[in-house]
Amino acid sequence: MISPVSKIAYCASRTCRFRKPIDVRALLEKGLDELGYRDRIGLVETECLISCFQGPSIMLLPGGKVFQVLSEERFTETLRGLISEPQLPTLPPPGEPRIEPDIPGIEHIDFFAKQRLIVLRNRGHIDAESIEEYIAHDGYLALYKALTAMTPEGVIEEVKLSGLRGRGGAGFPSGTKWEEARKYATFPKYVICNGDEGDPGAFMDRSLMESDPHAVLEGMMVCGYAIGARQGYIYVRAEYPLAIQMLRTAIDRARRKGFLGRNILGTGFDFDIDIYPGAGAFVCGESTALMFSIEGKRGMPRIKPPRSTESGLWGRPTCLNNVETFANIPQILLHGGAWFRSIGMEDSTGTKVFSLTGAVKNVGLVEVPMGTDLRTIIFEIGGGIRGNAHFKAVQLGGPSGGCLTEQHLHLPATFDTLQAAGAMMGSGGVVVMDDTSCMVDVARFFTQFSVDESCGKCVPCRVGLKVLLGMLEKIIVGRGEPSDLDRLERQAVHIAATSHCGLGQAAPNPVLSTLRYFRHEYEAHVREKRCPALVCTDLIRFEVDAEACKRCGVCAKVCPVEAISWRKKEPAVLNRDKCIRCKACIRACKFKAIH
Amino acid sequence: MTIDELNEIKGSYIDQRKRELEEGVVTVDVHMGTCGIAAGARGVFSALQGEIERLEMKTVKLRVTGCAGLCSMEPMITVHLPGQAPVKYGKLDAAKAREIFYSHVLGGRPKTEYAIGQGLEKPQKRVELG
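Keep in mind it's a predicted model, so treat the numbers as computed, not measured.

Undergrad: Now, about the overall build of chain B: what can you tell me, with residues and values included?
TA: In terms of regular secondary structure, chain B is built from 4 helices and 5 strands. Reading the helices (α) and strands (β) of chain B from amino to carboxyl end gives α-β-α-α-β-β-β-α-β. The C-alpha atoms of chain B give a radius of gyration of 15 Å, which matches the 14 Å a tight globule of 130 residues would have. Restricting the contact set of chain B to residue pairs at least 6 apart, pairs at least 24 apart contribute 67%.

Next up, the structure:
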C-alpha cells in the first residue's frame, strides 16, 4: 500500500512531555517500523503543533491532520489507520470565505477601519519587487490612460481639478506647479521626486517607497508626460537603503517591461528615471538645495524667484514633488479629479498619510481624509495614550511645526487650520506626548536639531538659532530669568522673519508654539525653578514628600548608588550627597512622592 | 507594450494565482519594511522558510511585502488560506511564527492568541477572487 502521507511532524515541547510522558518519537519509529514505512515517511520534530493543553500531538503531512497521542497502547493500529486515509488538502468551498469567530474583523478595528486608503492602498498587500503584481492591481493603467487618451494639458487639467496640494509640507497646488513647468519652452526639463524625508518622527515616504515603489514611478512618468520632461530623478536619503533597493529593482523591472526608456507604450514618449542617494543633510529636503545637491554642489537653498519650474536643475525647468504627491497621481487619473476632490475638505482635498508616533498605543501609518480631526487620529485610530499617562501635547510637522494642546484636538487636520493654530501639516509626522514630556525640553530638542542641520548660509538661522538654543539651555539648567521669556520670543520672531529659506523661517516654530500654549511651564522653570514634568534634572530637588510617600521602599531598591535609606513603615530618606540624579526613583515611585 | 500586453500580464498573473488557489497553496506574507525588519521580521521569515524547507512543503508560498501600517505590532505576517479570510498576526518572533505555521498554515486552525484581525483593508482585494 502506498500511503498518501509523506511526513509526520510531532510535538517535542516540554509542556507536552509534562502533560503526557510519552516518547512520541520512539513510538512513531516503532510504529512505522512495524508497518514498514520507516524509509518512506519522514519524521519532523517541532516545538509546538496546536496548543499545549492538547498535546502531545502529531500532524500528518500533507494535509495537516492532527492526532492527539494520548496513550501508547495500540498506537501502531491507530497509526495504520491514520496513514492510510487520504490526506489531500480539501478544496476551499465556493462562495464567501470562512470567517473565524474568535478573531475580530479588520472592519471592527478602529486602527484599520477609520482609515481611507488611496496612497497606501497596496501596503503590505503586494510584493514590491514584482511588477506583475502591481500591474494586476491596476498598476500602470493610469499611465496608459494618460499617454493614449489624454493630452498633456488634459492631464494637468485633471490634476488641477483634483485640488491636489503638495504633500511635502508647504501645500503648493500641484496642478499649478505642473502648468508652470509646462509653460517654459526650454528643454530638457526634469521631474524630481523628493524622497529626502528628514523630519524626526516622519516615515511615510520611506514606507511608501518600500512597499509600493511603482506607484511613485508611475506618478513621475505621468508628470514627465504632462510637463514635457524626458528625465526624472528620485532623491532618496542614503539612510533608507531598503527604499533605494526597492526603487532600483522597480526601475529595473519597469525598464525591462518597457514602461521606462524610449517609445513608452508605443506612443513615442521617452522617459527615464535615476536614483540619487542623498548624503543625509536635512537642508537637502528643501527644493533648491536638493537640486544643487544633485548637481554635485553644496546643498544650500537659493533665493527665489526664479522658481524651480522656470530654472531648476541645471538651470532647466524642473517639477519637484514629494513621494506622496506622486503616489496620488495614478489614482487621480484612474478615478478622475472630481472623485479626488470629493474626498477631504474644500481647500485640502484627498487624503493625507500621517506617521503616528510617540506616546500612543498604536504607532503606525495612518491615512485619513483631509479634515479628520486630531482626536480621531490620536484617540480612535491611535488607540489613545499608552500606559496610565495623560495626553499633553501633539507635535505636528517636525522641527518646522509646532505643539498643539488638548483644546486643539477638535481641529480638522488641513493645511490651513493647522497653520493658523501655530503648527503645520508638514510632511505628516505626528508625535504624541504624554505628561512625562517637558515642553521646554521638547523645544530645546527641536532647536538643537535645527542648529545641527542649519546649512549656515544666512546669519539668522546660523547664529540666531544658536542664541535661541543657548537661552533654552539656560532655562533648563535653572539660570533663567523672567525677562528671558520675552527675549526668547523676540529672538524667535526675528529668526522667522529674516531667515533665508523655509527651514530657517520655520525653525523657531517649536519654541513659538510651546511659548504660546505652555507658557506656564516656561514660567515654572524661570520663576519657581521647577520642572513640572520632572524632566530637567537640574530643576529637580530630589526630595521625598513624607506625606505622599506610602512607605513601600521601591525607590530604595531601584537606587543604583544606595542614596535612599528606608525602613519598614517609615518614609524613605534621600541622601543628596550620594545622589547621582539618575531619576530611577522618580520613575519607580507610583505615588509621585519624589520631586 | 500595448494595452493588450498590459492586460495579458494582468491576466496571466491572475490565472497563476487562481491555479495556486485550486492547488490549495497557502500564501504567507511577511511584512518586511524597515520597521518590520528592525522589530525582527527577518527572524520570522527565516523561521518560516526553515520549516518550509524542512518539510519540503510545496503548497506554502512565502512572500515578502512592505509594512502593513501598524508598526507597534511588528513583526507582522498575513496568512492567506484558500477559502478563509486572510488573518493578520502581530508581535511575532521565530517561535510564535513556527506555532502559527503548524497550527494555521498546515493545520488550518488560526492561532487566535496572536491574531490582530482578519480580512483585508478597503480597497484591497484579492484579484484572483474576481
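Undergrad: Explain the interface of chain A and chain B residue by residue, including any values.
TA: Contact residues are listed per partner, giving 61 residues for chain A and 53 residues for chain B. For the side of chain A that touches chain B, the secondary-structure elements that each account for two or more residues are strand 1 (7-11), strand 2 (42-46), strand 3 (57-61), helix 4 (110-113), helix 5 (131-136), helix 9 (204-211), helix 11 (241-257) and strand 11 (364-369) of chain A.

Undergrad: Could you give me a rundown of helix 10 (residues 213-227) of chain A, with the residues and numbers involved?
TA: Three- or four-residue spacings in an α-helix give side chains the same orientation, since the helix completes a turn every 3.6 residues. Residues and elements named next belong to chain A. Between its first and last C-alpha, helix 10 extends 22 Å over 15 residues, near the 21 Å set by a 1.5 Å rise per residue. Burial of helix 10 is extensive: 15 of the 15 residues sit out of reach of the surface. Backbone geometry just downstream of helix 10 places Gly 228 in the positive-phi region, at approximately 90°.

Undergrad: A description of the sheet that holds strand 13 (residues 402-404) of chain A should follow, citing residues and the corresponding values.
TA: As a general point, the strands of a sheet are linked pairwise by backbone hydrogen bonds and lie either parallel or antiparallel. Residue and element names in this part refer to chain A. The 5 strands lie next to each other as 11-10-14-12-13, forming an open sheet whose pairing is mixed. Bordering the open sheet on either side are strand 11 and strand 13, each of which pairs with just one other strand. Each strand of the sheet is rotated relative to its neighbour by a mean of 30°, with strand direction disregarded. Sheet analysis places strand 10 (residues 351-358) next to strand 14 (residues 429-434), joined by 4 bridges and oriented parallel. Bridge pairing in strand 14 places Gly 358 opposite Val 432. In the packing of helix 15 (residues 374-381) onto the sheet, the strands contacted are strand 10, strand 11, strand 12 (391-396) and strand 14, and the crossing angle to strand 11 comes to about 140°.

Undergrad: I'd like to hear about the sheet that holds strand 3 (residues 77-80) of chain B, residue by residue, with values.
TA: Residues and elements named next belong to chain B. Taken together, 5 strands build an open sheet; the order of strands is 2-1-3-4-5 and the sheet is mixed. At either end of the open sheet lies a strand with only one pairing partner, and these are strand 2 (60-65) and strand 5 (115-118). Ignoring strand direction, the axes of neighbouring strands in this sheet form an average angle of 20°. Pairing of strand 1 (residues 26-31) with strand 3 involves 4 bridges; the strand directions are antiparallel. Within strand 3, the residue paired with Thr 27 across the bridge is His 80. Contacts between helix 4 (residues 94-106) and the sheet are confined to strand 1, strand 2, strand 3 and strand 4 (87-89), with strand 3 contributing the most and set at about 15° to the helix.

Undergrad: Quick rundown of the nonpolar core? Include the residues and the values.
TA: Residues and elements named next belong to chain A. If you look at the biggest cluster of nonpolar residues, it comprises 199 residues, and the most contacted ones within it are Val 216, Val 222, Cys 223, Ile 377 and Val 394. It is helix 10 that provides the largest number of residues to this core, a total of 10 residues. Those residues in contact with Val 394, other than ones at most four positions away along the chain, are Leu 374, Ile 378, Cys 403, Leu 404, Val 430, Val 432 and Met 433. Listed in part, the 11 residues of the second largest apolar core include Ala 572, Cys 585, Ile 586 and Ala 593.

Undergrad: Describe the pairing of strand 1 of chain B, listing the residues and the values that go with them.
TA: Residues and elements named next belong to chain B. The buried count for strand 1 comes to 5 of 6 residues, which makes it a mostly enclosed element. Sheet topology note: the strand 1/strand 2 ladder contains 6 bridges and is parallel. Bridging from a neighbouring strand, Val 28 pairs with Leu 62 of strand 2.

Undergrad: Hey, could you go over the packing of helix 18 (residues 459-476) of chain A against helix 19 (residues 482-498) of chain A for me, with residue numbers and the actual values?
TA: Residues and elements named next belong to chain A. Relative orientation of the contacting elements helix 18 and helix 19 amounts to 160°, with a least axis distance of 10 Å. Comparing their axes, helix 19 and helix 18 come out roughly antiparallel. The handedness of the crossing between helix 18 and helix 19 is left-handed. Contacts from Pro 460, Cys 461, Gly 464, Leu 465, Val 467, Leu 468, Met 471, Lys 474 and Ile 475 in helix 18 reach Asp 484, Arg 487, Leu 488, Gln 491, Ala 492, His 494, Ile 495 and Thr 498 in helix 19. For the contact of helix 18 with helix 19, the per-class residue count stands at 10 nonpolar, 4 polar and 3 charged.

Undergrad: With reference to specific residues and values, describe the packing of helix 7 (residues 152-162) of chain A against helix 10 of chain A.
TA: All names here are of chain A. Contact geometry for helix 7 and helix 10: axes closest at 7 Å, N-to-C directions at 120°. As summarised for this structure, helix 7 and helix 10 are arranged oblique, according to the angle between their axes. As for how helix 7 packs across helix 10, the hand of that crossing is left-handed. Where helix 7 abuts helix 10, its residues Pro 152, Val 155 and Ile 156 lie against Val 222, Tyr 225 and Ala 226. Split by residue class, the contact of helix 7 with helix 10 holds 6 nonpolar, no polar and no charged.

Undergrad: An account of the confidence of the model for chain B is needed here, citing residue identities and associated values.
TA: All names here are of chain B. Across chain B, pLDDT averages 90, with 98% of residues at or above 70. Of all helices and strands in chain B, the one with the weakest mean pLDDT is helix 1 (residues 3-22) (89), whereas strand 4 scores best (95). Interface confidence for the predicted complex, expressed as ipTM, amounts to 0.94; the pTM equals 0.91.

Undergrad: I'd love a proper account of helix 4 of chain B, names of residues and values included.
TA: At B:Ile100, helix 4 of chain B shows its strongest bend, of approximately 30°. Within the span of helix 4 of chain B, buried status applies to B:Lys96, B:Ala97, B:Arg98, B:Glu99, B:Ile100, B:Phe101, B:Tyr102, B:Ser103, B:His104, B:Val105 and B:Leu106.

About the thresholds
- Residues numbered from 1 in each chain as written.
- Chains lettered and ligands numbered in written order.
- Predicted model: local features only at pLDDT ≥ 70, side-chain atom pairs only at ≥ 80, totals over all residues.
- Helix = DSSP H or I, 4+ residues; strand = E, 2+ residues; numbered from the N terminus.
- Rg over C-alpha atoms; globule rule 2.2 N^0.38 Å.
- Contact = placed C-beta atoms within 7 Å.
- Expected span 1.5 Å × (residues − 1).
- Buried ≥ 20, exposed ≤ 12 C-beta atoms within 10 Å, placed from the backbone.
- Pairing = 2+ DSSP bridges.
- Axes fitted to C-alpha atoms, helices over the stretch in contact; angles between N-to-C directions.
- Core = buried A, V, L, I, M, F, W, Y, C linked by C-beta atoms within 7 Å.
- Parallel < 35°, antiparallel > 145°, perpendicular 65-115°, else oblique.
- Left-handed = near helix turned anticlockwise from the far one by under 90°.
- Nonpolar A, V, L, I, M, F, W, Y, C, P; charged D, E, K, R; others polar.
- pLDDT = per-residue confidence, 0-100.
- Bend = angle between axes of the 7 residues up to and from the residue.

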